[in-house]
Amino acid sequence: MKRALFLSLFVMVFQFSASGQEVIENIEFTHNDSPRSYTLYVPEAYNGTADWPLVINYHGFTGSAADQMALSQMNSVADIENFLVAYPQGLLVTNPFLGFDGPGWNADGALSDTDDVDFTAKLLDHIVSTYAVNLDQVYTTGWSMGAAMAFQAICGLPNQIASVAGISNQMTDVQINDCKPGRAVSALVMHGTDDPIVPIGGDGTIFSAVSATVSFWAETNNDCEEDPETTDLEDKVGDDGSTVEMTQYKGCTSGTEVLYYQINGGGHTWPGGGSTSGFFGEINQDISASTEIWNFFKRNPLSNVIK
């Protein structure tokens, strides 16, 4: 029945690693008269006998599903922790901040005519119809414009997405004003102080400082306690040009959690992840963003807030 939601048959291409074990499945379908696709990573240990968590991981502007897989290196965490990872592919959008078009996400509803929230819902429907997914543990994350889309997805699908993590992009002012999930949401935000693409202080027009996004989740939406606890994480790699401060908000509604990782000296990058253009700045190696995100997600399933 769920497959009837789609207007065309799915095209599935299976790619195996050199060991012939884990599976990368590329799926194409038609959504609202447009061809859409996503890539699903299925670890070797998956056999369908148990419901597994699912992380939906969005790429950045001008990027691709394959780019996000390489950047985040989340597959290696999925292999250890036993969860599925979906990498959606965005369509052409206009980026008013950078001033040109490219593959991306209609995160705040103003960048194209594409309904990427509904696309996410249909993507989830298909994965659930094909794989054993734990519906209590479906999460969204992303990098750059993909982070904005991860936030948008949970704003639009609060009863399907458990919690969210965004790397190197705050919510736009429009998103903050429009997001009304109707429940407390566990959220993780990670941003570099030296990000040359999406400034931590905002652009003064489209998005405010990262602190506004953190405040939205911690104060407006979750009513956390006023005085968060900030910890300097261990500087494990002294020559990476950056350090990490983690701020944890406590006493939030329904036991939710809000974390903010400030990467001091960090650029427009995925900490512990793949390489980017040198122009994007330093890549912190003290933490693995993908590991931090997964540890956060598994502490914050949907059942924590929806009884």
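Whatever comes next refers back to the structure up there.
Along each chain, the written sequence defines residue order, and numbers are assigned to residues from 1. The predicted nature of this model means local features are confined to residues of pLDDT at least 70 and side-chain atom pairs, given and counted, to a pLDDT of 80 or more, with totals for whole chains, interfaces and linings taken over all residues. Only hydrogens and water are set aside; all other atoms, that is, all heavy atoms of the structure, feed into the side-chain values.

## Observations concerning the pattern of salt bridges
Salt bridges are defined as contacts in which a side-chain nitrogen from Lys or Arg sits within 4 Å of a carboxyl oxygen from Asp or Glu. Scanning the model with the defined rule gives five salt bridges in all. Taking the shortest distance from any N to any O, the salt bridge between glutamate 81 and lysine 298 comes out at 3.3 Å. Here the residue glutamate 81 occupies a position in helix H2 (residues 74-81), and lysine 298 occupies one in helix H7 (residues 289-299), the gap between them amounting to 217 residues. Type-normalised accessible area, obtained with a 1.4 Å probe on protein chains alone, sets the label of each residue: buried when under 20%, exposed when over 50%, and partly exposed for intermediate values. According to the relative accessible area criterion, glutamate 81 is partly exposed, its value standing at 31%. A residue is classified by how much of its surface remains accessible, and lysine 298, at 39% relative accessible area, is partly exposed. Taking the shortest distance from any N to any O, the salt bridge between lysine 250 and glutamate 229 comes out at 3.2 Å. Pair noted here: lysine 250 is in the loop between strand E12 (243-249) and strand E13 (258-264) and glutamate 229 is in strand E11 (residues 229-232), with a separation of 21 residues, a long-range link. In this structure lysine 250 comes out as partly exposed when scored by relative accessible area, which is 38%. Per the convention used, a helix needs a DSSP run of H or I reaching at least four residues, while a strand needs a run of E reaching at least two, with both numbered from the N terminus.

## Quick word on the packing of aromatic side chains
Any Phe, Tyr or Trp ring, taking Trp's six-membered ring, that has another such ring centre within 6.5 Å forms a pair; planes under 30 degrees apart are called stacked, those over 60 apart edge-to-face, and the others tilted. Under the criterion given, the structure shown has 15 aromatic pairs. Relative to phenylalanine 280, the ring of tryptophan 143 has its centre 6.1 Å away and its plane inclined at 35°; by these criteria the two rings are tilted. In this pair, tryptophan 143 sits in strand E8 (residues 133-143) while phenylalanine 280 sits in the loop between E13 and H7, placing the two residues 137 residues apart along the sequence. Judged by relative accessible area, which is 10%, tryptophan 143 ranks as buried. One aromatic cluster is present, formed by Phe29, Tyr38, Tyr58, Trp105 and Phe119 through successive ring pairs. Look at NZ for Lys and CZ for Arg. If either is within 6 Å of the ring centre and within 35 degrees of the ring normal, a charge sits over the ring. Positioned above the aromatic ring of phenylalanine 119, the side-chain terminus of arginine 36 is 3.7 Å from the ring centre.

## What about the pairing of strand E4 (residues 52-58)?
Counting buried residues in E4 gives seven out of seven residues, a clear majority hidden from the surface. Bridge analysis of E4 against E8 gives six bridges, and the strand direction is parallel. In the strand pairing of E8, tyrosine 58 is matched with glycine 142. Only strands that DSSP links by at least two bridges are regarded as paired with each other. Taken together, the three bridges between E4 and strand E5 (residues 84-88) define a ladder with parallel strand orientation. Note that in E5 the partner of valine 55 across the bridge is valine 85.

## Details of the packing of H2 against H7
For any two helices packed against each other, one specifies the crossing angle of their axes together with the interaxial distance. With their axes 9 Å apart at the nearest point, H2 and H7 run at an angle of 45° to one another. Taken together, the axes of H2 and H7 lie oblique to each other. Between H2 and H7 the crossing geometry is right-handed. Taken together, the residues of H7 that come into contact with H2 (itself represented by Met74, Val77 and Glu81) are Ser290, Thr291, Ile293, Trp294 and Lys298. Angular values range over 0 to 180 degrees, each being the angle between N-to-C directions of two axes fitted as lines to C-alpha atoms, with helices fitted over their stretch in contact. Here roughly perpendicular refers to angles of 65 to 115 degrees, roughly parallel to angles under 35, roughly antiparallel to angles over 145, and oblique to all remaining angles. Left-handed describes a crossing whose near helix is turned anticlockwise from the far helix by less than a right angle; the clockwise case is right-handed. The contact definition used throughout considers only heavy atoms, calling two residues in contact when any of these lie within 4.5 Å.

## Section: H7
For H7, the full list of buried residues reads Ala289, Ser290, Ile293, Trp294, Phe296 and Phe297. Projected down its long axis, H7 shows its buried positions confined to an angular sector of 165°, all on one face. For this quantity, the arc is that covered by the directions from the helix axis to the C-beta atoms.

## Here we look at the state of the cysteines
For the purposes of this analysis, a disulfide is any pair of cysteine sulfur atoms at a distance within 2.5 Å. Applying the stated criterion to the full structure yields two disulfides. In this model cysteine 155 forms its disulfide with cysteine 179; the gap between the sulfur atoms is 2.0 Å. Here the disulfide of cysteine 155 and cysteine 179 is left-handed, its torsion about the S-S bond being about -95°. Taken together, the residues cysteine 155 in helix H4 (residues 145-156) and cysteine 179 in the loop between helix H5 (173-178) and strand E10 (186-192) connect sequence positions 24 residues apart. Across the pair, cysteine 179 and cysteine 155 agree in class, each one buried.

## Observations regarding the side chain of histidine 191
Residue placement: histidine 191 occurs in strand E10. As used in this structure description, the phrase polar contact means that two N or O atoms lie within 3.5 Å; if the pair is within protein, one of them must be able to donate a hydrogen and the other to accept it, and residues adjacent in sequence are counted only when both atoms belong to side chains. At a separation of 2.8 Å, a polar atom in the side chain of histidine 191 contacts the main-chain carbonyl oxygen of valine 198. When sequence neighbours within four positions are dropped, the list of residues in contact with histidine 191 reads Ser168, Asn169, Gln170, Val198, Pro199, Ile200, Val210, Tyr260, Tyr261, Gln262 and Ile263.

## A word on the layout of surface pockets
Cavities and pockets were defined on a 1 Å grid built from protein atoms only: a cavity is a group of points that admits a 1.4 Å probe but offers it no way out, a pocket is an open group of points flanked by protein on both sides within 12 Å along at least five of seven lines, and a lining residue is one with an atom within 4 Å of any such point. Grid points are joined across faces, edges and corners, and a volume is the space filled by probe spheres set on the points. In this structure, the largest pocket encloses a volume near 610 Å³. Taken together, 34 residues line the largest pocket, and the ones lying closest to its centre are Gly60, Phe61, Ser144, Met145 and His268. Mapped onto the lining of the largest pocket, the elements with two or more residues apiece are helix H1 (65-72) and H4. No other element matches the four residues that H1 contributes to the lining of the largest pocket. Nonpolar residues are Ala, Val, Leu, Ile, Met, Phe, Trp, Tyr, Cys and Pro. Charged residues are Asp, Glu, Lys and Arg, and all others, Gly as well, are polar. Considering only residue class, the lining of the largest pocket consists of 17 nonpolar, 15 polar and two charged.

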